[in-house]
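# A look at the structure
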Number of protein chains: 2
Amino acid sequence: MNRQVVLDSRPKGIAQAENFKILDTPISPLKSGEIRVANWFLSVEPAMRGWIADTNNYAAPVAIGEVMKSLAVGEIVESADANWPVGQMVTGWFGWQKLATITAAAIVRKVDQTDLPASLALGVLGINGVTALLGLTMAGEPKTGDTVVVSTAAGSVGSAVGQIARILGCRTVGIAGGPIKVAQCRDLFGFDVALDYKADGLGAALQSACPDGVNVYFDNTAGMISDSVYPCLAQGARVVLCGTASIAQWDPWPSGPRVERHLLVKRARMQGFVVLDHFDKWDGAVAQLTQWVREGKLRYAEDISDGLESCLDALAGLYRGENLGKRIIRL
Amino acid sequence: MNRQVVLDSRPKGIAQAENFKILDTPISPLKSGEIRVANWFLSVEPAMRGWIADTNNYAAPVAIGEVMKSLAVGEIVESADANWPVGQMVTGWFGWQKLATITAAAIVRKVDQTDLPASLALGVLGINGVTALLGLTMAGEPKTGDTVVVSTAAGSVGSAVGQIARILGCRTVGIAGGPIKVAQCRDLFGFDVALDYKADGLGAALQSACPDGVNVYFDNTAGMISDSVYPCLAQGARVVLCGTASIAQWDPWPSGPRVERHLLVKRARMQGFVVLDHFDKWDGAVAQLTQWVREGKLRYAEDISDGLESCLDALAGLYRGENLGKRIIRL
């Protein structure tokens, strides 16, 4: 038998526990070319909101009754594909379930770094780390000496962005919510300055932290945090739009201060970045990230819950900002 | 004696006639290196609003009591610089006045196209045409077959953008205000589709005019016109921010629908473009534009008023949308 988390109803806004349900389902014998993976770790991402939403999305949404789409790490326990033997650890699109019956197309990569925890394939050596490295370098184009501002700086993407920017010779300013995350930014992730957006005066704090302006803004939030950053952009600044975590709903569409004048006056650029467009660069990015992790230059935090039942409230909890580090479910 | 239009008070919003005054001033003998230009034509630009404003600007503003900064075309009538002989026609930063006492640094270029009206050096062969060509190609990066949408499509920048985009093999959709400008877009400037933003249903009209989405949006307005375009962006779209003509004031800062989600979902880019950053490409651009004008591929409209007194209300009239074509003052 398999155990699965399926989408039970389409959420308006952030998915809550009641939008999912757990099903026990029989498994079928493998057909030729199929592979069975026993999931060890399941990923929880802010982007999952987009994967479920039926509007303003970048792929067809998960259907009602379908297993929740997710990245996972697991071990091949049965195989009808000679290229993928039993015992191989893999990461890929295996969904929120105990056993995934897939074809090789669902595999993102082998997980062969046996000196490192397998769960890292979901965070710093997975979609989050790759997003940070490719988004920062491809869309942010940081130069030595640049000031790089990062929102959700304690999160798994933001914390990697800040550290990679420092490796590349930039000064880093992280924005996070509350004193614990701010301390994590400063002490664990090495941001030069860490600011609490929940405290008063974010705009003034940013201006004083960025006296020469913001050259790169790597944004995972949109909303009021971004509204404080835009007036601080330096001439020729690059804004990487990677997520909109602070906006609970896009229906009705929210308003905010207009950005056009900032971008025009500063000859600045704002660009959407979706890492799923760049699978061709994935392996190279993972190799670079792995090297930095082994050298101790790239740190990470994980927030691991146990059991498939933990999936139900995991996405809602992420948007409540509860997690300290990459949220992962261990099976 | 000289006659000059000087800034008399700093406007809040768009400069009105009462923010300027006309002064008769004596002229001094030339010092070594100085040049005296008798202005034939003075330029009126939407960007002048920014040149006067004391905030959100890209250069130090014109001081109170100072001659209004402007481009102009004139003839050298006196010279203490051997490189610039009397009789040479030139265009440059000569200001709203009859006689400009300058150095060579204020000259943008010689005006030697004697087969074409000298006034074109202020419009289609000047800052407007160069803005259109460089902004479209450098920031818009149009590809053959792209759909290019242009706001203020009957204006001197917008009309050139639309025609250049067609020369480059794009499909063009122009947005202008009122039936006369819309007809001008279609009949004079050859837009494939011309839409009236003052009519109802701009958003629906845009969606039906751009069934495959908008690949390039060359924007001179921001505001509600842009708010109708953003939801139509195609994947990988480029938005060129060239002006914000529809926003009367940036104090208090106006709000509008947030753009971040559109840009993220469509992996789109939005970039501010200021042509004054690109003087190194000016001569090459003018040569290309001149060729297209001579070949009849690039048409223009001029809206010429007579006398220095016409300057006073010229900028306000521009923002009232009165002009049909490049607004020029003839002396």
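Residues numbered from 1 in each chain as written. Chains lettered and ligands numbered in written order. Predicted model: local features only at pLDDT ≥ 70, side-chain atom pairs only at ≥ 80, totals over all residues.

### Here we look at the overall build of chain A
Helix and strand content of chain A: nine helices and 16 strands. Against the globule reference of 20 Å for 331 residues, chain A gives a C-alpha radius of gyration of 20 Å, in line with a compact fold. Projected onto its principal axes, the C-alpha coordinates of chain A cover approximately 65 × 45 × 35 Å. When each of the 331 residues of chain A is scored for burial, the buried share is 49%. (Helix = DSSP H or I, 4+ residues; strand = E, 2+ residues; numbered from the N terminus. Rg over C-alpha atoms; globule rule 2.2 N^0.38 Å. Buried ≥ 20, exposed ≤ 12 C-beta atoms within 10 Å, placed from the backbone.)

### Quick notes on unusual backbone geometry
All names here are of chain A. The linkage connecting Asp-251 with the following residue, Pro-252, adopts the cis geometry, with an omega of 5°. Inspection of the secondary structure assignment puts Pro-252 in the loop between strand S12 (233–241) and strand S13 (255–257). One non-glycine residue, Thr-152, adopts positive backbone phi at about 45°. In this structure Thr-152 comes out as buried when scored by C-beta crowding, with 27 C-beta atoms within 10 Å.

### Regarding the domain arrangement of chain A
Residues and elements named next belong to chain A. When the domains of chain A are assigned, the result is domain 1 (2–123 + 300–330) and domain 2 (127–276). Taking only C-alpha atoms, the centre of domain 1 and the centre of domain 2 are 28 Å apart. Listed per partner, the contact involves 16 residues of domain 1 and 17 residues of domain 2. Classifying every residue of the side of domain 1 that touches domain 2 by side-chain character gives eight nonpolar, six polar and two charged. (Domains from an automatic or database assignment. Contact = placed C-beta atoms within 7 Å. Nonpolar A, V, L, I, M, F, W, Y, C, P; charged D, E, K, R; others polar.)

### Notes on the sheet that holds strand S14 (residues 269–272) of chain B
The twelve strands lie next to each other as S10(A)-S9(A)-S8(A)-S11(A)-S12(A)-S14(A)-S14(B)-S12(B)-S11(B)-S8(B)-S9(B)-S10(B), forming an open sheet whose pairing is mixed. The open sheet has two edge strands, strand S10 (193–196) of chain A together with strand S10 (193–196) of chain B, and neither has a second partner. Neighbouring strand axes in the sheet, compared pairwise and without regard to direction, differ in orientation by 15° on average. Across the sheet, helix H4 (residues 179–187) of chain B lies against strand S9 (171–176) and S10 of chain B, angled at about 170° from S10 of chain B, the strand it touches most. Docked against the sheet, helix H5 (residues 202–209) of chain B engages S9 and S10 of chain B, running at close to 170° with respect to S10 of chain B. (Pairing = 2+ DSSP bridges. Axes fitted to C-alpha atoms, helices over the stretch in contact; angles between N-to-C directions.)

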